[in-house]
Amino acid sequence: MDDDRRIRFEAVYEQTYEQILGYAVRRCDSPEDAADVVSETFAIAWRRADALPRGDEARLWLYGVARNVLANHRRGAARWRLVALDVDVADAYAHSPEGGVELSAIARAFKELPDSDRELLSLVAWEGLDAGQIAKVLDCSRNAVRIRLYRARKRFAKALTGAGVCAHRFAAVETV
């Protein structure tokens, strides 16, 4: 690899490592699994350095690569699955006993959503992406993202209501 490609890869790595790690940690069962996903994601980026986009596009491209790496791991081994929220961790951060119960109900409702809904909602809430950025990560149109996101939010609101959680308190997720 020539020096320009190496320098560019290193710059992208430094700028995006924490975000890609966070993406993986929120979706893996263990820190070791997340480390494997991040490692493989950046190994692919290294091999395909010529395809690595410039600027913020590189981060979105890496989210797409990480997403594919996760999908491959899930298909290849039953131990891989998407993890939304750990109920015990949610309870540990609750401000009141009632809040802990509500966070547990939210976590259960989120875990019961289809994988595609959890992924969309996670890209908005955890990764802070907008519809255009999500479209690039998922390789689909912005309009398709908006429609899917609208439906995912409706299903999540219904699940929250079914769990006895007041869904209107989470309207901030509606901002994409």
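In the block above lies the structure referred to throughout.
Residues numbered from 1 in each chain as written. Predicted model: local features only at pLDDT ≥ 70, side-chain atom pairs only at ≥ 80, totals over all residues. Heavy atoms only, no water.

Participant: Would you take a moment to explain the packing of aromatic side chains for this structure?
Facilitator: Both the distance between ring centres and the angle between the ring planes are used here to describe each pair of aromatic rings. Counted according to the given criterion, the structure contains nine aromatic pairs. Ring pairing ties together the aromatic residues Phe9, Tyr13, Tyr17, Phe42 and Trp46, which thus form one cluster. If you follow arginine 27 out to its NZ or CZ, it ends over the ring of tyrosine 23, 3.8 Å from the centre. (Phe/Tyr/Trp six-rings, centres within 6.5 Å; stacked < 30°, edge-to-face > 60°. Lys NZ or Arg CZ within 6 Å of the ring centre and 35° of its normal.)

Participant: What is the right way to read the environment of leucine 121 from this model?
Facilitator: Looking at where leucine 121 falls in the secondary structure, it is placed in helix H6 (residues 115-125). In this structure the C-alpha to C-alpha distance between leucine 121 and phenylalanine 110, which are eleven residues apart in sequence, comes to 9.3 Å. (Helix = DSSP H or I, 4+ residues; strand = E, 2+ residues; numbered from the N terminus.)

Participant: In this structure, what is going on with the pattern of salt bridges? I would like to understand it.
Facilitator: Any two side chains of opposite charge can pair, given that their charged atoms come close. Scanning the model with the defined rule gives ten salt bridges in all. Glutamate 119 is the partner of arginine 27 in a salt bridge, and the nearest nitrogen-oxygen pair spans 3.0 Å. With arginine 27 in the loop between helix H1 (3-25) and helix H2 (31-47) and glutamate 119 in helix H6, this residue pair connects regions lying 92 residues apart in the sequence. On the basis of relative accessible area, arginine 27 is assigned to the buried category, the value being 0%. Using a relative accessible area of 10% as the deciding quantity, one classes glutamate 119 as buried. A salt bridge links glutamate 127 to arginine 27, with the shortest nitrogen-to-oxygen separation between them at 3.0 Å. (Salt bridge = Lys/Arg side-chain N within 4 Å of Asp/Glu carboxyl O. Buried < 20%, exposed > 50% of the residue type's maximum accessible area, 1.4 Å probe, protein only.)

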